[in-house]
Amino acid sequence: QEGGGNAGNCLTAVARLLEPTDGMGVSLISKVGLDSAGEAVVRDLEEEGVDCSLVYRGGETTAFSYIIVDEKDKTRTCIHTPLAEPMLEGEVADVRDKAERIMGSASVVVFDGRHTEASIVLAQVAAENRVPILLDAEKPRENLEELLALADVAVCPESFAKEMLGRKESQGIAGDFLCLAREFLPRAKLVLITRGSEGSVALASPTPGGLVRDIEESISIEASGLGSSGGAPLSPFLRSSDDAGVLLPDARDVGNSCVASGSCHIPSVVDTTGAGDAFIGAMAFALARPKTFAESPLSRVILLASVVAGLKCQQVGARSGLPSSDLLDLDKMLDLDNV
């Protein structure tokens, strides 16, 4: 048994990557049930250094999932039980009352599309305070459009654009997501499309501060698939010598507005549960450190996210394999000294 959930996994990844010298903390706003699972969720996150003082309690059961991992085929099946009691009106009002204080000291805020009423309140205040908003758009959810409209960075699976746009035919990865940006993402400066073992695609305007929706370049991604063949070894970026044969993903610029990256080559993939959350956590970590995100090439930030996600897959569960700053030489990986 191990803690899970998009936000919890993401924040655990951030907490492990942060160093004491960063002078930053990690906080979760959510809700769990009045059961032992709820107590375990809070306890596990607090042990990772996540502040849970704004995790509300109520209802008989906490959301939980049984995850069945097929070791032979490297697949997983999730059986999910939702939270018994969603956030109540009084709890949303409490979040609203505290939103200015919360966002006043925030470096980045991450939403996973759940508890949308409270999330929209926080996102509006974040936008007013110019706090970067990262949205984990895992799948279409109720009222998600309002969060998409406020997002500065959106991370989506490859299928998301067609689902949101209601299309059966694809215009290609870039075409689908540029259409998505023009219809649903008016503020987004970066859209990341995750493709599992095929890596990821990033869309960003070459103009500093430019919007994805304004990209007019014709981009063909399909011919640029990089898979997980892997490039250079990870070992030069580790503080310890044991890299277990992990190879860094290859990446290439596709035109001026796109970076296509493969996935890490992991010799022993054990469990992919939470790999996307790990990827998003690493992106949130980079956004929380302005120098990192402003001065590092986008391809390097994606490299970090891919490595964190890949290393996670070496162990069972969503969190056991998440690396810490003690393992990764982050400045060397992000190439801060050579930009």
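Note: the structure precedes this text.
Parameters at a glance
Residues numbered from 1 in each chain as written. Predicted model: local features only at pLDDT ≥ 70, side-chain atom pairs only at ≥ 80, totals over all residues. Heavy atoms only, no water. Core = buried A, V, L, I, M, F, W, Y, C linked by side-chain atoms within 4.5 Å. Buried < 20%, exposed > 50% of the residue type's maximum accessible area, 1.4 Å probe, protein only. Helix = DSSP H or I, 4+ residues; strand = E, 2+ residues; numbered from the N terminus. Contact = heavy atoms within 4.5 Å. Salt bridge = Lys/Arg side-chain N within 4 Å of Asp/Glu carboxyl O. Expected span 1.5 Å × (residues − 1). Phe/Tyr/Trp six-rings, centres within 6.5 Å; stacked < 30°, edge-to-face > 60°. Pairing = 2+ DSSP bridges. Axes fitted to C-alpha atoms, helices over the stretch in contact; angles between N-to-C directions.

Enquirer: Would you mind going over the nonpolar core with me for this structure?
Expert: As a rule of thumb, soluble globular proteins bury nonpolar side chains together. With 55 residues, the main nonpolar core has Leu234, Leu304, Val307 and Leu328 as its most contacted residues. The element that contributes the greatest number of residues to this core is helix 8 (residues 275–288), accounting for ten residues. Leaving out residues up to four positions away in the same chain, Val307 has contacts with Leu234, Leu248, Cys264, Leu328 and Met333. Counting residues in hydrophobic clusters, the runner-up holds 53 residues, among them Met87, Leu150, Leu185 and Val254.

Enquirer: Looking at this model, I keep getting lost on the environment of Leu190. Mind explaining?
Expert: Relative to the helices and strands, Leu190 is located in strand 8 (residues 190–194). Counting along the chain gives 46 residues from Leu190 to Leu144, while the straight-line C-alpha distance between them is 18 Å. Ignoring anything within four residues of it in the chain, the contact list for Leu190 reads Asp152, Val153, Ala154, Ala202, Leu203, Ala204, Val212, Met283, Phe293 and Leu298.

Enquirer: Any chance you could explain the pattern of salt bridges here in plain terms?
Expert: Note on pairing: side chains with opposite charge can pair once their charged atoms come close. In total, this model carries eleven salt bridges according to the counting rule given. Two residues, Arg187 and Asp152, come together in a salt bridge whose shortest N-O distance is 3.1 Å. Here the residue Arg187 occupies a position in the loop between helix 7 (173–184) and strand 8, and Asp152 occupies one in the loop between helix 5 (144–148) and strand 7 (153–157), the gap between them amounting to 35 residues. Looking at Asp152, the relative accessible area reads 10%, which means it is buried. Beyond isolated ion pairs, a larger network of salt bridges with shared partners links Asp112, Arg114, Glu138 and Arg141.

Enquirer: What is the right way to read helix 8 from this model?
Expert: Every α-helix carries 3.6 residues per turn, so stepping three or four residues along brings you back to the same face. For helix 8, which comprises 14 residues, the first-to-last C-alpha distance of 20 Å matches the rise-based estimate of 20 Å (1.5 Å per residue) to within 8%. Where burial is concerned, most of helix 8 is hidden: 13 out of the 14 residues are buried.

Enquirer: Is there a simple way to explain the packing of aromatic side chains in this structure?
Expert: Centre-to-centre distance and the angle between the planes together describe a pair of aromatic rings. Counted according to the given criterion, the structure contains one aromatic pair. Arranged with centres 5.7 Å apart and planes meeting at 90 degrees, the rings of Phe64 and Tyr66 form a pair that is edge-to-face.

Enquirer: Quick question: what am I supposed to make of the sheet that holds strand 5 (residues 109–111) here?
Expert: Strand pairing in a sheet is mediated by backbone hydrogen bonds. Such pairs are either parallel or antiparallel. Within the open sheet, the seven strands sit side by side as 5-6-7-8-9-11-10. Their pairing is mixed. Of all the strands in the sheet, the pair left with one neighbour each is strand 5 and strand 10 (251–253). Averaged over neighbouring strand pairs, the angle between their axes works out to 15 degrees when direction is ignored. Looking at chain direction, strand 8 and strand 9 (residues 200–204) are connected through five bridges and run antiparallel. Each bridged residue has a counterpart across the sheet, and for Ile193 the counterpart in strand 9 is Val201. Sitting on the sheet, helix 4 (residues 116–128) touches strand 5 and strand 6 (133–136), and the angle it makes with strand 5 is about 150 degrees.

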